[in-house]
There are 2 protein chains.
Amino acid sequence: MSADRAEVRCLFISEKELIMTKSRCFLFVALIFCTALTSVSLRADEGMWLFENPPTQQVKAAYDFALTEEWLEHVRLASCRVARRGSASFISPNGLILTNHHVAAHDLHALSTPEDNLLEKGFYAEKLEDERKCPGLEIFVLEKIEDVTEIVSAAKEADSIKTGTRSNAFIAQLEQKKANETGLRCEVITLYQGGAYHLYCYKVYTDVRLVWAPEESIAAFGGDPDNYEFPRYCLDAAMFRAYENGKPAKIEHYLKWGTGGVKDGELVFVSGHPGTTNRAFTKEHLEFLRDVHFPWLLQKLFRREVLYSAYGNRSLENQRRIADDLGSVQNYRKRAIGQLDGLQTPTLWEGKLSASDENASDAVKNNADAIAEACQEMGEIDDGFSTYLVHDLLEKGEAFNSQTFRYARTLVRLAEESQKPNEERLPEYRDGNLAALKAALLSDTSIYEDVEVLKLTDSLTMLQEVGQGTAWNACIEEGFLPSDMSPKTIAQYFIVHSKLRDVAERKRLMDGGAEAIENSEDPMIVFALSIDEQSRDIRQMYDEIFTAFTTAAYTELARQRFTEQGTDVYPDATLTLRLSHGKVQGYTEDDDTEIEPVTNIAGMFERAASHKNREPFDPPQSWKDGKAALDENCAFNLVSTNDIIGGNSGSPLINTKGELVGLVFDGNIYSLSNNFVYSEEQSRCVSVHADVVLEALTKIYKAERIVKELGVTATQQQ
Amino acid sequence: MSADRAEVRCLFISEKELIMTKSRCFLFVALIFCTALTSVSLRADEGMWLFENPPTQQVKAAYDFALTEEWLEHVRLASCRVARRGSASFISPNGLILTNHHVAAHDLHALSTPEDNLLEKGFYAEKLEDERKCPGLEIFVLEKIEDVTEIVSAAKEADSIKTGTRSNAFIAQLEQKKANETGLRCEVITLYQGGAYHLYCYKVYTDVRLVWAPEESIAAFGGDPDNYEFPRYCLDAAMFRAYENGKPAKIEHYLKWGTGGVKDGELVFVSGHPGTTNRAFTKEHLEFLRDVHFPWLLQKLFRREVLYSAYGNRSLENQRRIADDLGSVQNYRKRAIGQLDGLQTPTLWEGKLSASDENASDAVKNNADAIAEACQEMGEIDDGFSTYLVHDLLEKGEAFNSQTFRYARTLVRLAEESQKPNEERLPEYRDGNLAALKAALLSDTSIYEDVEVLKLTDSLTMLQEVGQGTAWNACIEEGFLPSDMSPKTIAQYFIVHSKLRDVAERKRLMDGGAEAIENSEDPMIVFALSIDEQSRDIRQMYDEIFTAFTTAAYTELARQRFTEQGTDVYPDATLTLRLSHGKVQGYTEDDDTEIEPVTNIAGMFERAASHKNREPFDPPQSWKDGKAALDENCAFNLVSTNDIIGGNSGSPLINTKGELVGLVFDGNIYSLSNNFVYSEEQSRCVSVHADVVLEALTKIYKAERIVKELGVTATQQQ
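Just so you know, these numbers come straight off a predicted model, no measurement behind them. (Residues numbered from 1 in each chain as written. Chains lettered and ligands numbered in written order. Predicted model: local features only at pLDDT ≥ 70, side-chain atom pairs only at ≥ 80, totals over all residues. Heavy atoms only, no water.)

Some details on the overall build of chain A
Then step 1. Broken down by element type, chain A carries 26 helices and 21 strands.
Then step 2. By the compact-globule yardstick of 27 Å for 718 residues, chain A fits well, its C-alpha radius of gyration being 26 Å.
Then step 3. Seen along its three principal axes, the alpha-carbon backbone of chain A occupies a region of about 75 × 60 × 55 Å.
Then step 4. In chain A, which comprises 718 residues, the share counted as buried stands at 63%. (Helix = DSSP H or I, 4+ residues; strand = E, 2+ residues; numbered from the N terminus. Rg over C-alpha atoms; globule rule 2.2 N^0.38 Å. Buried < 20%, exposed > 50% of the residue type's maximum accessible area, 1.4 Å probe, protein only.)

Written out as structure tokens, the structure is:
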């Protein structure tokens with residue numbers, strides 16, 4: 001399993017990040033909105049709270065525990081963000097950091113060589129000087145928070161709605177000024193969809209080194225079959241160390257290792273960086289997702305999973321080539337099914353605003369109406385297909401699913417957009433994004449001809465199927481596709497005859513600009529060029545009808561609600577630091593199976609044996625060899641009711657004493673609808689128990705140096 | 001792999017049979033028509049010819065070989081049909097019969113015990129007395145053919161179109177009379193959609209015993225990944241023996257074992273029982289299949305394959321429970337993709353009749369028009385769904401996919417239909433079908449609660465997705481489904497609270513008739529009852545608009561064409577004996593790979609090694625142990641251009657000398673569109689080479705007795 005695959009294996013890589021790093025195939029339309037409209041009647045353990053507005057009352061009421069300023073500050077400063085990957089925490093005064101193995105996977109991959117694969121073999125630095133520097137890895141700690149709502153709101157109001165240029169410049173200046181003052185990295189955060197603006201100042205560690213990571217076969221034990229499931233047995237943990245001036249950073253606020261375990265019903269906190277939630281979505285918007293978006297997304301995912309699996313089963317080499325794509329599709333599929341199940345559950349709809357809501361004010365109704373209309377217009381089927389569908393097929397390129405097409409599209413647009421003034425370009429071609437975009441174009445990642453043909457054949461076949469062939473017929477009539485060839489033959493022709501798999505050719509076209517593109521006879525370039533105008537048209541229509549319209553309506557709704565309720569409610573997740581409270585608690589499966597909240601080491605070995613130790617249920621040799629030494633009753637994974645979502649990966653699970661008792665790495669299948677609604681009944685946060693980390697460090701990895709640094713011993717935990 | 005699964009693994013179990021034995025989920029609408037309208041400009045190797053009207057001219061013209069009466073009679077009488085399973089041939093004067101392992105799988109399964117699994121371990125009767133009787137197995141040989149067109153046509157014309165009762169009685173009498181005369185089993189065959197009627201008289205062997213079968217791991221080497229593919233390495237062969245009066249039957253016409261191998265380009269024949277083709281379908285009907293039927297079928301297959309796989313991967317027990325369903329879905333999926341690919345290939349459309357055909361006569365046009373209109377009406381989307389879709393969801397029960405629902409539906413209808421006079425009942429509840437229907441109701445096949453919940457959850461979820469929720473909303477509004485539960489919760493409730501998994505309860509309801517059904521509180525019975533009226537309505541609409549209408553139009557078209565062309569063309573396949581000619585020939589894959597026509601034993605071991613001998617690429621121990629003794633250059637499987645389809649499984653591949661040189665067991669992926677059109681370019685028939693059977697019998701299975709009976713030795717073949 002490569003880093004890419006591991007990255008997407010779990011829920012808790014932020015969805016936002018996925019979109020940035022993965023292909024555009026699975027852009028989840030719902031994620032583009034970060035809204036704040038939330039019903040004020042909250043469930044006891046609901047909420048991803050701001051540290052500057054913590055759930056003090058809620059925790060007091062439900063658990064009779066007082067969240068003190070001191071406790072909050074300590075936890076906030078011990079928490080950190082692994083840039084572009086997830087969450088983490090400090091666990092020693094010498095800069096030791098704990099996060100998930102799957103959050104560290106990118107770095108493990110980067111440090112690996114074909115001969116020395118750290119994902120497969122794991123890593124442990126026996127001595128301090130063996131710790132290995134991870135290029136580009138940055139760790140953020142939220143040091144200061146300032147409310148800048150008034151001045152930002154004033155600047156916004158003074159600015160034109162259309163460009164936002166001046167208020168953006170204002171924000172940039174504000175951030176820079178604060179950065180100069182503090183020496184920290186500063187960022188203005190939009191909360192409550194513009195109801196509030198807070199300035200967050202981060203201390204950033206840029207010298208971060210790898211200390212320990214177990215083998216992936218125990219970190220991701222159970223693989224895709226166990227993903228989002230419980231009982232679970234994953235040692236999804238890894239350790240880094242922050243350095244300053246070439247020496248381990250001195251850390252005042254770190255989490256002590258909790259060795260007392262956790263009790264059933266015990267109050268626990270998660271301090272981390274949830275990515276995106278959409279709890280303000282209206283009834284009609286959720287219906288659109290349930291009836292239009294998810295069915296179509298799942299149709300695509302189902303067919304791809306089947307075809308990728310079938311291709312992979314033909315040979316071991318095929319299996320290797322398709323592994324990342326297949327893993328990614330399986331992860332998305334599982335998540336989409338979980339989310340759709342939530343949307344199909346009537347209880348999810350309680351308290352959701354509807355355009356037909358009789359109790360809502362006219363102003364609120366108007367906005368809900370605007371959203372309902374936009375959804376209606378997107379999903380309405382006319383002559384076989386909807387605007388939503390055409391946008392997905394044409395502009396998102398889902399009908400031409402291949403890296404070759406994506407390169408062609410980017411090259412064609414880059415040539416055209418480069419000729420325009422910066423502010424008139426499509427956002428992804430503006431100056432600030434160009435370096436990354438060009439680097440991606442020249443990436444030397446392997447592209448396999450047969451995989452490209454497989455993907456393009458399937459997506460063109462899908463295009464022909466859509467709306468009883470109308471989409472396909474349109475492409476033929478417009479002359480985009482030849483009329484005398486089957487999807488398979490077209491795919492074969494386009495891929496085999498395209499030279500875009502060659503980095504040098506992409507560079508030539510990139511450097512050659514519009515002239516090179518116009519003169520190119522590469523069939524994929526010619527094709528991408530031919531559909532570009534129509535594709536841009538549908539994008540504009542989509543952005544105008546849907547994105548701009550609904551965003552404006554949600555902003556308005558959020559402001560109306562914020563005026564009423566202020567900070568009595570928590571804002572939707574924004575990939576910034578939040579605190580969630582909850583309790584250690586099992587749950588009842590749909591089939592009435594009672595799920596105990598904590599698993600143990602014996603359970604892992606039993607699960608492996610029941611699968612005859614076949615992958616992905618085959619623990620590493622080190623665990624087989626060390627089995628006798630291990631305490632089989634030692635706790636492995638646990639579930640709790642904390643309200644979490646993608647981005648929370650690597651967050652510490654903390655007890656009332658402020659000690660680390662676990663490490664969040666996943667949510668169960670029921671937690672997938674956390675995107676839209678939180679429910680305590682079955683939705684659970686899944687963590688690695690602190691005990692198993694200590695047991696493994698001591699008995700399997702003989703990491704005495706680290707155990708000593710944690711200030712505990714394995715025997716202490718008994 | 002159980003018998004059920006093995007049965008559906010390959011193309012060449014007749015599709016008709018599949019429909020009868022498998023769940024109704026995948027009823028392929030196209031199969032209900034057996035039509036004859038075929039363009040007279042045939043490709044050189046095209047055609048599934050009647051023995052009474054053989055391709056003498058075609059073979060002479062293309063291969064300069066004269067098909068003599070003698071040759072034809074010999075081949076016809078050496079060919080046989082394995083009732084309800086496939087084709088076969090006699091290969092010794094003592095009643096020895098060769099067919100496919102997958103054709104024999106049902107009997108191997110029936111003869112197995114948990115301790116002695118013949119599918120897994122294979123079987124060889126060292127002595128004659130060790131041969132094991134297969135209960136219920138019947139072998140048919142076509143002894144006599146008589147043209148009864150005139151008298152049957154006259155009886156048909158004299159009868160009313162609506163019931164056909166009298167002409168059916170006339171046919172039954174005719175068959176009985178002939179049976180009494182000849183002592184054979186007689187059957188009137190409808191050819192050219194009523195253009196001709198032939199009376200076929202079969203000698204039937206009812207005492208049939210198992211002689212030899214290899215292990216399934218070599219018979220089905222490569223499993224699903226290699227299904228419909230080539231190069232291939234399957235010893236898909238088994239031998240039975242026909243007995244008469246407790247002794248081996250004396251057989252005059254049998255195929256001598258061909259030991260000279262085959263040459264590239266050599267003329268070869270297939271004599272077997274192709275099930276169904278639809279080569280007369282009009283352009284508009286094929287468009288309906290391409291744009292409506294197959295996309296929807298594949299949508300269902302894709303989602304099921306993903307969910308069944310994911311369920312299976314959770315534990316070995318799950319894997320065992322879902323294996324048959326998964327194997328079946330994978331087989332259907334592969335076939336549907338192949339057929340759709342054919343339909344999406346423009347060359348398929350050449351020569352197909354269209355309603356807008358300018359050269360067609362008015363009479364022909366009118367019928368083509370009627371078909372086009374029926375298809376249009378079926379597929380037209382109104383308020384989110386089409387008649388075709390509602391029929392599939394409601395009447396075929398695809399929205400309630402579970403054995404529990406199928407039992408409930410049958411019990412509910414049986415109670416109602418039993419109260420009607422025989423001729424007014426739905427066909428499947430008429431007297432002639434009742435015994436089999438009741439036996440199926442009381443079958444003690446295991447039904448797993450969790451598998452039922454999985455299937456029902458998925459299909460109810462699909463119902464909610466369909467047409468943006470309109471189908472689901474309709475079910476809620478009509479009160480068929482509760483409004484406050486998610487598909488998952490409903491599925492859970494229906495399955496867990498239904499007692500229909502218990503045979504005794506089904507018997508009680510079956511015996512209790514209408515009263516028992518009305519008083520039942522079983523949620524699935526209540527549900528099946530609630531939707532029955534609407535379900536019957538849509539069935540009636542479907543049957544009237546589509547089935548009756550198109551059948552009548554095709555019959556008319558076929559008659560018009562038969563009047564013009566007579567027997568210059570071959571009739572569509574009807575599961576009766578046909579002769580196909582062709583040549584041994586490789587082909588070029590879409591990706592330009594050249595495929596050689598013959599594989600060898602070395603290739604099998606190489607393919608196993610390249611998969612690290614992982615299932616399904618792990619040959620049995622007997623082959624590993626015997627490897628050194630084997631001639632690695634010995635031919636294994638081969639491809640030829642013969643025109644074949646489902647039902648041809650087990651057919652002999654015969655050279656011009658009338659010797660058996662191979663055993664048909666599959667078609668390649670391109671042959672899947674043989675249903676609609678035959679093409680020589682890539683479509684290939686796949687056979688086990690005679691050489692590998694002999695080599696394996698001699699060196700692996702030490703079957704000296706059999707080799708001697710075949711009149712050859714392994715060394716002779718070199």
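Considering the packing of aromatic side chains
Residues and elements named next belong to chain A.
Then step 1. Taken as a whole and assessed by the stated rule, the structure comprises 46 aromatic pairs over all chains.
Then step 2. Summarising the aromatic geometry, the rings of phenylalanine 288 and tyrosine 388 are spaced 5.5 Å apart at their centres and angled 90° between planes, so their arrangement reads as edge-to-face. Of the two residues, phenylalanine 288 sits in helix H11 (residues 283–312) while tyrosine 388 sits in helix H14 (residues 387–395), which places them 100 residues apart along the sequence. Of the two residues, phenylalanine 288 and tyrosine 388, both sit in the buried class. (Phe/Tyr/Trp six-rings, centres within 6.5 Å; stacked < 30°, edge-to-face > 60°.)

What about the packing of helix H19 (residues 487–497) of chain B against helix H21 (residues 523–530) of chain B?
Residues and elements named next belong to chain B.
Then step 1. Where H19 meets H21, the closest approach of the two axes is 7 Å, and the angle between their N-to-C directions is 115°. Each of Tyr493, Phe494, Ile495 and His497 in H19 lies in contact with H21, whose residues at this interface are Pro523, Met524 and Phe527.
Then step 2. Its residues placed into classes, the contact of H19 with H21 shows 6 nonpolar, 1 polar and no charged. (Axes fitted to C-alpha atoms, helices over the stretch in contact; angles between N-to-C directions. Contact = heavy atoms within 4.5 Å. Nonpolar A, V, L, I, M, F, W, Y, C, P; charged D, E, K, R; others polar.)

Here's the deal with the sheet that holds strand E17 (residues 598–600) of chain A
Residue and element names in this part refer to chain A.
Then step 1. Strand order across the open sheet formed by 8 strands is E1-E14-E13-E19-E20-E21-E18-E17, with antiparallel pairing between neighbours. This sheet does not close on itself; its edge strands, each paired only once, are strand E1 (49–50) and E17.
Then step 2. Relative to strand E19 (residues 652–654), strand E13 (residues 267–272) runs antiparallel, the two being bridged by 2 bridges. Bridge pairing links valine 270 to leucine 653 in E19.
Then step 3. Along the sheet, helix H25 (residues 690–700) makes contact with strand E18 (635–640), strand E20 (660–667) and strand E21 (685–689), crossing E21 at roughly 30°. (Pairing = 2+ DSSP bridges.)

Here we look at the interface of chain B and chain A
Then step 1. Chain B puts 49 residues into the contact, and the matching count from chain A is 49 residues.
Then step 2. Summed over both partners, the interface of chain B with chain A comes to about 4,200 Å²; 53% of that surface belongs to carbon and sulfur atoms.
Then step 3. Contact with chain A buries area across many residues of chain B, yet Arg314, Gln344 and Gln468 of chain B alone supply 17% of it, more than any other trio.
Then step 4. The interface formed by chain B and chain A includes 8 salt bridges.
Then step 5. Across the pair aspartate 590 of chain B and lysine 488 of chain A runs a salt bridge whose closest N-O atoms are separated by 2.8 Å.
Then step 6. Linking chain B to chain A there are 14 residue pairs in polar contact (both at pLDDT 80 or more).
Then step 7. Those elements that provide at least two residues to the side of chain B that touches chain A are helix H10 (223–226), helix H11 (283–312), helix H12 (316–343), helix H17 (449–465), H19 and helix H23 (601–610) of chain B. (Buried area = accessible area lost by both parts, 1.4 Å probe. Salt bridge = Lys/Arg side-chain N within 4 Å of Asp/Glu carboxyl O. Polar contact = N/O pair within 3.5 Å; in protein donor to acceptor, adjacent residues only side chain to side chain.)

A few points about a negative patch on the surface
Residues and elements named next belong to chain A.
Then step 1. Judged by side-chain charge, Asp369, Glu373, Glu377, Glu380, Asp382 and Asp383 come together as a negatively charged surface patch.
Then step 2. Secondary-structure assignment places aspartate 369 in helix H13 (residues 362–379).
Then step 3. The partly exposed category is assigned to aspartate 369, whose relative accessible area is 33%. (Patch = residues over 30% accessible without salt bridge, like charges linked within 9 Å, V, L, I, M, F, W, Y side chains within 5 Å. Areas by Shrake-Rupley, 256 points an atom, 1.4 Å probe, with all protein chains shown as cover. Lys, Arg positive; Asp, Glu negative; His and termini not counted. Charge placed at Lys NZ, Arg CZ, Asp CG, Glu CD.)

Points about the relation of the copies chain B and chain A
Then step 1. With an axial shift of 0.0 Å and an RMSD of 0.1 Å, the rotation relating chain B to chain A amounts to 180°. What the superposition gives is, in effect, a two-fold axis relating one chain to the other. In terms of C-alpha distance to the rotation axis, chain B has phenylalanine 302 of chain B as its closest residue, with the C-alpha 2.7 Å off the axis.
Then step 2. When the interface residues of chain B are mapped onto chain A, 100% of them again lie at the interface, so the same face is used by both copies. (Least-squares fit on C-alpha atoms with pLDDT ≥ 70 in both.)

Here's the deal with the nonpolar core
Then step 1. Residues Phe400 and Leu463 of chain A together with Phe400 and Leu463 of chain B are the most contacted members of the largest nonpolar core, which totals 184 residues.
Then step 2. Per-element accounting of this core gives the leading share, 14 residues, to H11 of chain B.
Then step 3. Those residues in contact with phenylalanine 400 of chain B that lie beyond four places of it in its chain are Leu393, Leu394, Phe405, Leu456, Ser459, Leu460, Leu463, Phe527 and Ile531 of chain B. (Core = buried A, V, L, I, M, F, W, Y, C linked by side-chain atoms within 4.5 Å.)

Let's talk about the environment of phenylalanine 676 of chain A
Then step 1. With respect to the helices, strands and loops of the structure, phenylalanine 676 of chain A is situated in the loop between E20 and E21.
Then step 2. Along the backbone, phenylalanine 676 of chain A and threonine 277 of chain A are 399 residues apart, and their C-alpha atoms lie at a distance of 6.5 Å.

Some thoughts on the pairing of strand E2 (residues 79–82) of chain B
Residues and elements named next belong to chain B.
Then step 1. Residues Ser79 and Arg81 point to one face of E2 and Cys80 and Val82 to the other, with burial holding for every one of them.
Then step 2. Bridge analysis of E2 against strand E7 (residues 139–147) gives 2 bridges, and the strand direction is antiparallel. Residue pairing for E7: arginine 81 is matched across the bridge by phenylalanine 140.

Here's the deal with the pattern of salt bridges
Residues and elements named next belong to chain A.
Then step 1. Within this structure, the stated rule accounts for 107 salt bridges over all chains.
Then step 2. Notably, a salt bridge pairs lysine 334 with glutamate 229, separated by 3.6 Å at the nearest N-O pair. On the criterion of sequence distance, the pair formed by lysine 334 in helix H12 (residues 316–343) and glutamate 229 in the loop between helix H10 (223–226) and strand E11 (238–244) is long-range, its members being 105 residues apart. Like glutamate 229, lysine 334 is buried.
Then step 3. Ionic contacts of the salt-bridge type, sharing partners, join the residues Glu395, Arg409, Arg413, Glu416, Glu417, Lys420, Glu428, Asp532, Arg536, Arg539 and Asp543 into one network.

Quick notes on the side chain of asparagine 668 of chain B
Residue and element names in this part refer to chain B.
Then step 1. By secondary structure assignment, the location of asparagine 668 is in the loop between strand E21 (659–667) and strand E22 (685–689).
Then step 2. A residue is classified by how much of its surface remains accessible, and asparagine 668, at 1% relative accessible area, is buried.
Then step 3. Within the structure, asparagine 668 has its side chain in polar contact with the side chain of tyrosine 587 (distance 3.5 Å).
Then step 4. Side-chain polar atoms of asparagine 668 contact the backbone oxygen of glutamine 682, separated by 2.8 Å.
Then step 5. Leave out the neighbours within four places in its chain, and asparagine 668 touches Tyr228, Tyr587, Gln682, Ser683, Arg684 and Val686.

Considering helix H16 (residues 431–441) of chain A
Since the α-helix packs 3.6 residues into each turn, any two residues three or four apart lie on the same face.
Residues and elements named next belong to chain A.
Then step 1. Taken together, the buried positions of H16 are Leu434, Leu437 and Leu441. In an axial view of H16, the angular spread of the buried residues amounts to 80°, which keeps them on one side of the axis. Exposed residues lying more than 90 degrees from the buried face of H16 are Gly432, Ala435 and Ala436.
Then step 2. Close packing links the buried residues of H16 with helix H15 (403–417) and helix H20 (503–519). (Arc of directions from axis to C-beta.)

Things to note about unusual backbone geometry
Then step 1. At the junction of glutamate 615 of chain A and proline 616 of chain A, the peptide bond is cis and its omega measures out at 0° in the coordinates.
Then step 2. In this structure, proline 616 of chain A sits in the loop between helix H23 (601–610) and helix H24 (621–626).
Then step 3. The omega angle of the peptide bond from phenylalanine 230 of chain B to proline 231 of chain B is 5°, so this bond is cis rather than trans.
Then step 4. Mapped onto the secondary structure, proline 231 of chain B falls in the loop between H10 and strand E11 (238–244).
Then step 5. Located in the positive-phi region is aspartate 64 of chain A, a residue other than glycine, with phi close to 55°.
Then step 6. With respect to the secondary-structure elements, aspartate 64 of chain A resides in the loop between helix H3 (56–63) and helix H4 (69–78).
Then step 7. For aspartate 64 of chain A, a relative accessible area of 58% puts it in the exposed group.

Geometric values such as these leave the question of function open.
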